[in-house]
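Analysis of the macromolecular model
Spelled out, the chains give:
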Amino acid sequence: MKILVTGGAGFIGSNFVNYMVNHYPEYNILNLDVLTYAGNLENLRSVEKARNYQFIIGDITNRILLETLFEQGIDVVINFAAESHVDRSIPDPGIFVKTNIQGTHALLETAKAFGIKKFLQVSTDEVYGTIGSEGLFCKTTSLAPNSPYSASKASADLMVRAYHETFDLPINITRCSNNYGPYQFPEKLIPLMIINALNDKPLPVYGDGLNVRDWLHVEDHVDG
Ligand SMILES: Cc1cn([C@H]2C[C@H](O)[C@@H](COP(=O)(O)OP(=O)(O)O[C@H]3O[C@H](C)C(=O)[C@H](O)[C@H]3O)O2)c(=O)[nH]c1=O
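Residues numbered from 1 in each chain as written. Predicted model: local features only at pLDDT ≥ 70, side-chain atom pairs only at ≥ 80, totals over all residues. Heavy atoms only, no water.

The condition is simple: UniProt positions are given in the numbering used here, feature names are shortened, and annotations may be inferred rather than shown by experiment.
Per an unreviewed UniProt entry, the protein carries the name dTDP-glucose 4,6-dehydratase and comes from Paenibacillus agricola. Recorded under Catalytic activity (unreviewed entry), the UniProt text for the protein is reproduced unchanged: "dTDP-alpha-D-glucose = dTDP-4-dehydro-6-deoxy-alpha-D-glucose + H2O".

1. Points about the sheet that holds strand E5 (residues 118-124)
Rule in force here: Here the rule is simple: two strands pair whenever DSSP picks up at least two bridges between them. Think of it this way: any DSSP run of H or I at least four residues long counts as a helix, any run of E at least two long counts as a strand, and we number them from the N terminus. Axis definition: a line fit to C-alpha positions, over the contact stretch in the case of helices; interaxial angles, taken between N-to-C directions, run 0 to 180 degrees. Note on contacts: a residue pair qualifies if any of its non-hydrogen atoms lie within 4.5 Å across the two residues.
Taken together, six strands build an open sheet; the order of strands is E3-E2-E1-E4-E5-E6 and the sheet is parallel. Each edge of the open sheet is held by one strand with a lone partner, namely strand E3 (53-57) and strand E6 (171-176). The sheet shows a mean angle of 15 degrees between the axes of neighbouring strands, taken without regard to direction. Judged from the six bridges that link them, E5 and E6 form a sheet pairing that is parallel. What sits directly across from Ser-123, in E6, is Arg-175. In the packing of helix H4 (residues 94-114) onto the sheet, the strands contacted are strand E1 (2-6), strand E4 (76-79) and E5, and the crossing angle to E5 comes to about 165 degrees.

2. A word on the layout of surface pockets
Let me state the cut-off plainly: Buriedness for pockets is judged along seven lines, at least five of which must meet protein on both sides within 12 Å for an open set on the 1 Å grid over protein atoms alone, while cavities are sets there where a 1.4 Å probe fits but cannot get out, and lining residues have an atom within 4 Å of a point. Grid points are joined across faces, edges and corners, and a volume is the space filled by probe spheres set on the points. Gly is placed with the polar residues, together with every amino acid not listed as nonpolar (Ala, Val, Leu, Ile, Met, Phe, Trp, Tyr, Cys and Pro) or charged (Asp, Glu, Lys and Arg).
Put simply, the second largest pocket is a space of about 450 Å³. Taken together, 21 residues form the lining of the second largest pocket, with Phe-16, Ile-78, Leu-120, Val-222 and Gly-224 sitting closest to its centre. If you list the elements that add at least two residues to the lining of the second largest pocket, you get helix H1 (11-23), E4, E5, E6 and helix H7 (218-223). Among the elements that line the lining of the second largest pocket, the one with the most residues is E6, at four residues. Class assignment for the residues of the lining of the second largest pocket results in 14 nonpolar, four polar and three charged.

3. Remarks on the packing of helix H2 (residues 63-70) against H4
Helix-helix packing: each pair is described by the crossing angle between the helix axes and the interaxial distance. Cut-off, in case you're wondering: In a left-handed crossing the near helix is turned counterclockwise from the far helix by less than a right angle, and in a right-handed crossing that turn is clockwise.
Here H2 crosses H4 at 35 degrees, and the two axes come no closer than 10 Å. Between H2 and H4 lies a crossing of right-handed hand. From H2, Arg-63, Leu-66, Glu-67 and Phe-70 reach across to H4, where they touch Ala-106, Leu-107, Glu-109, Thr-110, Ala-111 and Phe-114. For the contact of H2 with H4, the class distribution of residues is six nonpolar, one polar and three charged.

4. Regarding the environment of Tyr-27
Operational definition: Relative accessibility thresholds used throughout: buried, under 20% of the residue-type maximum; exposed, over 50%; partly exposed, between the two (1.4 Å probe, protein chains only).
Within the secondary structure, Tyr-27 sits in the loop between H1 and strand E2 (28-33). On the basis of relative accessible area, Tyr-27 is assigned to the partly exposed category, the value being 22%. Along the sequence, Tyr-27 and Gly-103 sit 76 residues apart, while their C-alpha atoms lie 25 Å from each other.

5. Some thoughts on the packing of H4 against helix H5 (residues 148-167)
Applicable threshold: For this classification, under 35 degrees means roughly parallel, over 145 means roughly antiparallel, 65 to 115 means roughly perpendicular, and everything else is oblique.
For the pair H4 and H5, the least separation of the axes is 8 Å and the interaxial angle reads 15 degrees. Overall, the two elements H4 and H5 adopt an arrangement that is roughly parallel. Of the two possible hands of crossing, H4 and H5 adopt the one that is right-handed. Of the residues in H5, those in contact with Phe-96, Asn-100, Ile-101, Thr-104, His-105, Leu-108, Glu-109 and Lys-112 of H4 are Tyr-149, Ser-152, Lys-153, Ser-155, Ala-156, Met-159, Val-160, Tyr-163 and Phe-167.

Take a look at the structure:
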């Protein structure tokens, strides 16, 4: 079984790659990552020489590169590659459209052309928008993305769904809540607050501080 993991040098992706390489030595893990500011090969130091692991630097929007990889025979695609920071999507939505929407589309087209056993889209509960102090999101909740980031993820999810409905591509979409744990880039709330606290810097709380988030340890996420 050959698994193409995109974005495997990022926070959740690198935790997933570490988990899979160690727990499933019979699977071959191909990690495709463009190494943006949020990707770090140090996260993968312990598996970089593993027999069942290979790293390729490259962009998921590059169809020619994708075709070269799929020619090697890919069984499963797990798409972690994404611009993920809500705050960055406000001044610069374009890169979110490119990576999250166009990149997912390029992956879907290539997966359709070559045939695969499964396409797993790793998405986010942000596609459901804002929740109050009570209630919960479930998979039938209407999509109501509020930021360019969440709109790009919702768009990609709908394209993944359409490739299933139209072309019978075997897909799953997961929509996790906020992750925390090892290798998280310190622009996100928990690592930022810890680093600032350790350095006696201010702890910036947005708005009235009453935003609601569910937290999921990244190792529980990748285990799931
Ligand atoms: C960085 C920062 C954040 N916040 C607030 C803003 C949010 O209400 C909450 C968490 O913010 P953070 O930027 O860590 O993450 P979210 O905006 O919830 O989004 C994250 O979790 C979802 C599921 C994804 O899908 C995103 O990819 C991921 O970035 O703390 C502050 O109050 N101060 C700060 O300095």
